[in-house]
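Given next are the chains, with one letter for each unit.
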Amino acid sequence: MSIADTSGTRLAYVAEVTEGTTPASPSFQNLRFTGESIVGEKQTVTSNEIRPDGNVPDVTKVGGMVSGGFDFELTYGTFDALLESALLGTWASNVLKNGRDRHAFTLEKTFETGGTDVYRRYKGCLVNTTTLNFQAKQIVTGNMTVMGRDFSAGAAALSGATYTAGNTKAVMNCSSDFATLSIGGISPALTVKGIRLNLNNNLRAQDKIGSSALAGVGLGQHVVTGSIEAYLENKAILDLLDNHTASSLSFTVGSVTGEKYTISLPKLYMTSGDAATPGNNQDVMVNMDFQAIYSTAGSPADNCSIKITRAVS
């Protein structure tokens, strides 16, 4: 037996047909990731019983849930199923829009400890928050957090379980893999140094009497926010903020034909920000926060706050 090594950890997922139940003979998909913090969150209550010797008489387990998340570098096709959970939507004709569809998963970590591996399983998991970072001269990175119903440990793989290796497609970067940036209401186009996109499903734990596991995970409001860091070249972006003018955002990542994502926020408002002069010998940058809202624009109508189109030319 040996001590588990982080570099030998496997993180895999399988879609659940019945939310909170791992499918029989599960076909796990190995996930490409750079780090993870998924935990079984045990909940306890300490007894307040008074004893003449002053000791604490008991600590009782009263609940449990799954929280935490994982970090990744964006690659084409790797996260399509998880993006459905992140947007509460379903791919249709290679377009994914935010909606109210539930896509739950069992997540499994496998730790190599020599003769017997250690398995950690998390059931009924939905994606809660998602962050995507697009920075000049950097790989596109991201993070997803989850909320789930229950967790357990095992010393062997589940009966009939299979594991499909992650794809080997190249990670996407913000140099050769970034194109067609458009911000509505700004002309000429801005020179942008960075974009950060945040999705939040505002999930909530649903407790119940008679079980330490969750009864379910409730869906909240789907909120899309983000920020843009741009060079100050004209006052157009400041006008969007000052005049509270509706705008939009669209850009494409990917340089391989048929292996691209176009991310679109059809309607948004700049909510805060300004140009700043932090000191000598620097570029003047405009740091602007934004929030997307529901849009019925487009033909056919968008009817969403965010949409992702995949496999474009």
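Whatever comes next refers back to the structure up there.
Within each chain, residue numbers correspond to sequence positions counted from 1 in written order. Per-residue local features of the predicted model are confined to residues with pLDDT of at least 70, and side-chain atom pairs are confined, for both listing and counting, to 80 or more; whole-chain, interface and lining totals are unaffected and use all residues. With hydrogens and water stripped out, all remaining heavy atoms of the structure feed into the side-chain values.

**Some thoughts on the overall build of the chain**
Then, in step 1: The helix count covers DSSP runs of H or I at least four residues long, the strand count covers runs of E at least two residues long, and both are numbered beginning at the N terminus. Counting secondary structure elements, the chain contains 2 helices and 21 strands.
Then, in step 2: When the backbone C-alpha atoms are referred to their principal axes, the chain occupies close to 70 × 50 × 45 Å.
Then, in step 3: To sort residues, take the accessible area from a 1.4 Å probe on protein chains only and compare it with the maximum for the residue type: under 20% means buried, over 50% means exposed, and anything in between is partly exposed. The burial tally for the chain puts 42% of its 313 residues in the buried class.
Then, in step 4: Of the contacts made within the chain by residues no fewer than 6 positions apart, 68% connect residues no fewer than 24 positions apart.
Then, in step 5: Residue burial considers only the protein chains on display, and all accessible areas are found by Shrake-Rupley using a 1.4 Å probe. For the chain, the exposed area adds up to about 15300 Å²; of that, 49% sits on carbon and sulfur atoms.
Then, in step 6: By the counting scheme adopted, Arg and Lys are positive, Glu and Asp are negative, and His together with the chain ends is not counted. By convention, the charge on Lys lies at NZ, on Arg at CZ, on Asp at CG and on Glu at CD. Here the chain holds 24 positive side-chain charges and 28 negative ones, and the gap between their average locations is 5 Å. Only heavy atoms enter the contact rule, under which two residues are in contact if any of them lie within 4.5 Å.

**Some remarks on the pairing of strand 9 (residues 118-135)**
Then, in step 1: Counting buried positions along strand 9 gives 13 out of 18 residues, so the element sits mostly inside the fold.
Then, in step 2: Note: two strands are recorded as paired if DSSP finds a minimum of 2 bridges between them. Joining the antiparallel neighbours strand 8 (residues 105-111) and strand 9 is a turn of 6 residues, in which G114 adopts a positive phi near 100 degrees.
Then, in step 3: Looking at chain direction, strand 9 and strand 11 (residues 150-154) are connected through 5 bridges and run antiparallel. Paired with Y122 across the two strands is F151, which belongs to strand 11.
Then, in step 4: As judged from the 7 bridges shared by strand 9 and strand 10 (residues 141-147), these two strands associate in the antiparallel manner.

**Re the packing of aromatic side chains**
To describe a pair of aromatic rings, one takes the distance between the centres and the angle between the planes.
Then, in step 1: What counts as a ring pair is set by centres within 6.5 Å for rings of Phe, Tyr and Trp (its six-membered ring), and what kind of pair is set by the plane angle: stacked under 30 degrees, edge-to-face over 60, tilted for all other angles. On inspection of all chains with the given rule, the structure shows 8 aromatic pairs.
Then, in step 2: Taken together, a centroid distance of 5.4 Å and an interplanar angle of 85 degrees make the contact between Y13 and F105 edge-to-face. Here F105 lies in strand 8 and Y13 lies in strand 1 (residues 10-15), a separation of 92 residues in the sequence. Per residue, the accessibility class of Y13 equals that of F105, and both read buried.
Then, in step 3: Among the aromatic residues, those joined into a cluster by ring pairs are F70, F72 and F79.
Then, in step 4: In this scheme, Lys NZ or Arg CZ marks a charge over a ring once it lies within 6 Å of the ring centre and within 35 degrees of the ring normal. Here the basic side chain of R10 rests over the ring of Y163, its NZ or CZ set 3.7 Å away from the ring centre.
Then, in step 5: The ring centre of W91 lies 4.1 Å from the NZ or CZ of R310, which sits over that ring.

**Overview of the nonpolar core**
Then, in step 1: Note on terminology: a nonpolar core comprises buried Ala, Val, Leu, Ile, Met, Phe, Trp, Tyr and Cys residues joined through side-chain atoms within 4.5 Å. Ranked by internal contacts, the top residues of the largest apolar core, which has 57 residues, are F70, F134, L197, I263, L265 and M270.
Then, in step 2: In this structure M270 touches I183, I228, I237, L240, L241, H244, M288, D289 and F290, once residues within four positions along its chain are discounted.
Then, in step 3: Formed by 9 residues, the second largest nonpolar core is a distinct cluster that contains L88, L126, V217 and L219.

**With respect to the environment of L199**
Then, in step 1: As for its placement among the helices and strands, L199 is situated in strand 14 (residues 192-200).
Then, in step 2: For L199 and V223, which are 24 residues apart along the polypeptide, the C-alpha to C-alpha distance reads 5.8 Å.
Then, in step 3: Contacts of L199, omitting those with residues within four sequence positions, involve A86, L87, N128, T129, T130, H222, V223, V224 and I306.

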